[in-house]
Protein chains: 2
Amino acid sequence: MSTAVSPLAPKKYPKMPAIEGVRMATAEAGIKYRDRTDLLAMVFDPGTSVAGVFTRSKCPSAPVDFCRQNLTAGKARVLIVNSGNANAFTGKKGRDSTAMTAEAAAKAAGCAAGDVFLASTGVIGEPLDAGKFSHLLKGLLAGAEPGGWTEAAKAIMTTDTYPKVATATVSLGGTDVTINGIAKGAGMIAPDMATMLSFVATDAPIAGPVLQDLLSRAVGKTFNAVTVDSDTSTSDTLLLFATGAASKRGAPRIEDAKDPQLGAFRRALGKILKQLALQVVRDGEGARKQIEVTVTGAKSARSAKRIALSIANSPLVKTAVAGEDANWGRVVMAVGKAGEPADRDRLSIWFGDNRLAHEGERDPAYSEEKTSAYMKRDEIRIVADIGIGRGKATVWTCDLTKEYVAINGDYRS
Amino acid sequence: MSTAVSPLAPKKYPKMPAIEGVRMATAEAGIKYRDRTDLLAMVFDPGTSVAGVFTRSKCPSAPVDFCRQNLTAGKARVLIVNSGNANAFTGKKGRDSTAMTAEAAAKAAGCAAGDVFLASTGVIGEPLDAGKFSHLLKGLLAGAEPGGWTEAAKAIMTTDTYPKVATATVSLGGTDVTINGIAKGAGMIAPDMATMLSFVATDAPIAGPVLQDLLSRAVGKTFNAVTVDSDTSTSDTLLLFATGAASKRGAPRIEDAKDPQLGAFRRALGKILKQLALQVVRDGEGARKQIEVTVTGAKSARSAKRIALSIANSPLVKTAVAGEDANWGRVVMAVGKAGEPADRDRLSIWFGDNRLAHEGERDPAYSEEKTSAYMKRDEIRIVADIGIGRGKATVWTCDLTKEYVAINGDYRS
């Protein structure tokens, strides 16, 4: 298994500011990995609201069940995340483990277990022994400090080859507020959502229901528009925390999702989620190239997204891109298999600016040489115009390389 | 690109008898390949009925369109198949090409163009120049002889590493009738159906509508229950020809699909289709292991099949099998992502006879050692019991290896 950093890793990382009202700490609990952090605690000031989006798997992990239940109250004081074990498909033991962790965290933070949020990532089916790390939580929380976001991103990595962070500062009613986010994920990445954990926090004073509305709307074109391998995890968790600390500096408290003051915040949140989602794709297991698939002219936006995902999930399209082969016939195949309305004789396909196919056949002006040169890039854009409507969607994926097979052929052992 | 024969290739091939009323010939037309046959002609005696099942792709190839149209009359005199070019997504040129081929074949055989059936397999999107081989058809048909089924299977291969044939002789109303079949396919294999061509012929006197009924019912548990890579071809074609020649030897003419005399024939047809479908899976690009996935206890048979395909198409399940890793957590994931009714806490999973998970958690009696030994076999059986109903289905696939990526990374170039 390769440990080399993905060639698509960011060339530089943003400096992550602290978020008022958030403190954090990481530790080496030795859950599975050696000589690296595998435990993250975030502590939120009282009054922090929370929103979440989770996997649609019918076999969700114990922490996902736990978070879903606590989310109904919309308040958060502590987040505990471990890597190395997903605590998924662990039955009653799994529920005991989340209860034990939450209880230890609540005691250490002086809050209710209902204010605790949990996430676990790693192998499925192995019981997670919370006894291994729950005794660490008191010290961990006591030592939590503002800042440390990049360290936090490192502690939640599994097969990731680089930590994923993003930040933005925008005006909310004339006062600057900051949004920070971290994510992990490299395989078992597919909507909806991915083996993907992402935690985003802001000092903006936004009520829970508004936060949930913002988050639910933002995922469609970000985390739910990326796929590495069409495999959907049991553990996908995206949580957004708002401490409200910026209200002391004059930021208005937002109680209505339609509040016009939210514009810049909404755009910044979408941008951060997209940045994190693309970092996940660019760290797709074995990835050497990022692929952006845009479908236009479909019957509806929903239909466009389905066709785009059919292309993005096709092993034959992904291996062709890995081989730098402009095999657009496989895009035709993937459009055809999507089961969505399409008319072969109106279909056009581009790789970058190179139109390869037009109205149901190879473009007469198609240049093999130009397209082959384009395929050598590390960001490939595929556009398919279905030619029957106005539906449009963009999704992102990565190529399928031998390295993906190598990584996943011996992950567990 | 590897040219080694799949380790899962049949150890021996059946001796293929001639089918009365069928003559055939192959040629080296040099359409794409050098030094191998790439053109197959089958000639059927007058009175031959035909049935067919095709790809459900919204972007079908020109030959698929052509066959669908001719199938309505239910009569066949000639089949022409080429490998090396799929004549798919070739627009008007593609239609011109099928028309030119059919005309030349009809002229050579002394029949109508409506009695001709065509299939093409290979690269998508390249115009197929029928002028390259239509002049060969007269000589080819003139030299057609009974027998030669294995040679026929070789002529239609693309990335296949071995020819695929099957035969059976059964009693129809007290008279022996024979069914022969050939198939090709190795990648872009998924229901419904596969980059798969299969041609089956019998001397049984069975009317066209009955033949179609038999074929349509037989594909669900055979060709439509195999998947190599979840990618569905534009060209999938399965044709069944019945010459009726056995009526001279006393076989009854079957005009009713419910005729009780059909029992043995129906079973033999199903067996041949399954044999051919499994040969396709066992020649899956880069395949080192056959995987049989059985889902029991689902809400319905349809639901069971969807869950089984979700497991069989999961890259993470397939790479785990390639790595001989009993990573049953990925089976949990694939059940969860199928979107079908399931209850995590009732789910049980077996690899062979080894029960790994039971009622939502790891089986306490699970033996890593025994299961690891099992994973070294070249035929792996995965069983998932959903525990909520009586729906059952079995599908077949192969593992996902680095060789698959290598084969598909540079197929076109």
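Because the structure is predicted, anything quoted here is derived from the model rather than measured. Chains are numbered independently. Their residues run from 1 in the order of the written sequence. Written order decides the labels, with chains lettered from A and ligands numbered from 1. It should be noted that, the model being predicted, local features are given only for residues of pLDDT at least 70 and side-chain atom pairs only at 80 or more, the latter also being counted only at that level, while totals for whole chains, interfaces and linings use all residues.

1. Observations regarding the overall build of chain A
For step 1, the next point in the chain: The secondary structure listing takes helices from DSSP runs of H or I that are at least 4 residues long and strands from runs of E that are at least 2 residues long, numbered from the N terminus. Helix and strand counts for chain A stand at eleven helices and 15 strands.
For step 2, the next point in the chain: Throughout, radius of gyration means the C-alpha value; the globule benchmark is 2.2 Å times the number of residues raised to the power 0.38. Computed over the C-alpha atoms, the radius of gyration of chain A is 22 Å, within 12% of the 22 Å expected from 2.2 N^0.38 for a compact globule of 413 residues.
For step 3, the next point in the chain: With respect to the principal axes defined by its C-alpha atoms, chain A has extents near 70 × 55 × 35 Å.
For step 4, the next point in the chain: Relative to its full complement of 413 residues, chain A shows a buried share of 61%. Put simply, a residue is buried when 20 or more other C-beta atoms lie within 10 Å of its own C-beta and exposed when 12 or fewer do; between those, it is partly exposed, and each C-beta is set from the backbone.

2. Topic: the confidence of the model for chain A
Residue and element names in this part refer to chain A.
For step 1, the next point in the chain: Confidence scores per residue from the predictor, reported as pLDDT, run from 0 to 100. Taken as a whole, chain A shows an average pLDDT of 91; of its residues, 96% reach a score of 70 or greater.
For step 2, the next point in the chain: C-beta atoms are placed from the backbone for every residue, and two residues are taken to be in contact when these atoms lie within 7 Å. Under a pLDDT of 50 for its full length, residues 190-194 has, in the predicted model, 25 contacts with residues more than four places off or in other chains.
For step 3, the next point in the chain: Scored as a complex, the prediction yields pTM 0.85 and ipTM 0.80.

3. Remarks on helix H11 (residues 402-409) of chain B
For step 1, the next point in the chain: By the criterion of burial, H11 of chain B is predominantly enclosed, with six of the eight residues buried.
For step 2, the next point in the chain: Those residues of H11 of chain B not exposed but buried are Glu403, Tyr404, Val405, Ala406, Asn408 and Gly409 of chain B.
For step 3, the next point in the chain: The inward-facing, buried residues of H11 of chain B contact helix H8 (315-322) and helix H11 (402-409) of chain A.

4. Concerning the sheet that holds strand S14 (residues 379-385) of chain B
Residue and element names in this part refer to chain B.
For step 1, the next point in the chain: Strand pairing follows a simple DSSP-based rule, namely that at least 2 bridges must link the two strands. Read from one edge to the other, the open sheet built from six strands follows the order S13-S12-S11-S14-S10-S15, with strand pairing classed as mixed. Both edges of this open sheet fall to strand S13 (361-362) and strand S15 (391-398), since each of them pairs with a single strand only.
For step 2, the next point in the chain: Alignment of strand S12 (residues 354-358) against S13, held across two bridges, turns out to be antiparallel. Following the sheet pairing, His358 is matched in S13 by Glu361.
For step 3, the next point in the chain: Where helix H7 (residues 301-312) meets the sheet, it contacts strand S10 (290-298), S14 and S15, and its direction lies at approximately 25° from that of S15.
For step 4, the next point in the chain: Where helix H10 (residues 368-375) meets the sheet, its contacts fall on strand S11 (348-351), S12 and S14, and the angle it forms with S12 comes to roughly 120°. Whenever a helix is involved, its axis is fitted only over the stretch in contact; in every case the axis is a line through C-alpha atoms, and angles between N-to-C directions fall within 0 to 180 degrees.

5. Some details on the pairing of strand S8 (residues 197-202) of chain A
All names here are of chain A.
For step 1, the next point in the chain: Most of S8 sits out of view: six of its six residues are buried.
For step 2, the next point in the chain: Burial along S8 is two-sided: Leu197, Phe199 and Ala201 and Ser198, Val200 and Thr202, pointing in opposite directions, are all buried.
For step 3, the next point in the chain: Bridge analysis of strand S7 (residues 175-184) against S8 gives six bridges, and the strand direction is antiparallel. Its bridge partner being in S8, Ile179 is matched across the sheet by Thr202.
For step 4, the next point in the chain: As paired elements, S8 and strand S9 (residues 237-242) share six bridges and run parallel to each other. Bridge pairing in S9 places Ala201 opposite Phe241.

6. Observations concerning the relation of the copies chain B and chain A
For step 1, the next point in the chain: Superposition record for chain B on chain A: RMSD 0.0 Å, screw rotation 180°, translation along axis 0.0 Å. Overall, the copies show the geometry of a two-fold rotation axis. The C-alpha atom lying nearest the rotation axis in chain B is that of Lys402 of chain B; the distance is 2.3 Å. Superposing the copies works by least squares over the C-alpha atoms of residues that have pLDDT at least 70 in both of them.

7. Regarding the interface of chain B and chain A
For step 1, the next point in the chain: Each partner contributes to the interface: chain B provides 52 residues, whereas chain A provides 52 residues.
For step 2, the next point in the chain: Counting only elements with at least two residues in the side of chain B that touches chain A, the list comes to helix H2 (91-109), helix H8 (315-322), helix H9 (329-337), S13 and H11 of chain B.
For step 3, the next point in the chain: Among the elements that make up the side of chain B that touches chain A, the one with the highest residue count is H9 of chain B (six residues).

8. Remarks on the pairing of strand S5 (residues 116-123) of chain B
Here is the key point about a regular strand: its side chains alternate between the two faces of the sheet.
For step 1, the next point in the chain: The buried count for S5 of chain B comes to seven of eight residues, which makes it a mostly enclosed element.
For step 2, the next point in the chain: Consider the strands pointing away from the viewer: the crossover is right-handed when the path from the first strand over the helix to the second runs clockwise. Regarding topology, H2 of chain B serves as the crossover connection from strand S4 (residues 78-85) of chain B to the parallel S5 of chain B, and that connection is right-handed.

9. Looking at the sheet that holds S9 of chain A
All names here are of chain A.
For step 1, the next point in the chain: Reading across the sheet, the five strands line up as S3-S9-S8-S7-S6 and stay open at both edges, with mixed pairing between neighbours. A single partner strand is all that each edge strand has here, and the edge strands are strand S3 (49-54) and strand S6 (164-172). When strand polarity is set aside, the average angle formed by the axes of neighbouring strands in this sheet is 15°.
For step 2, the next point in the chain: Relative to S7, S6 runs antiparallel, the two being bridged by nine bridges. Each residue of the ladder has a partner; that of Ser171, found in S7, is Asp176.
For step 3, the next point in the chain: Where helix H1 (residues 62-71) meets the sheet, its contacts fall on S3 and S9, and the angle it forms with S3 comes to roughly 140°.

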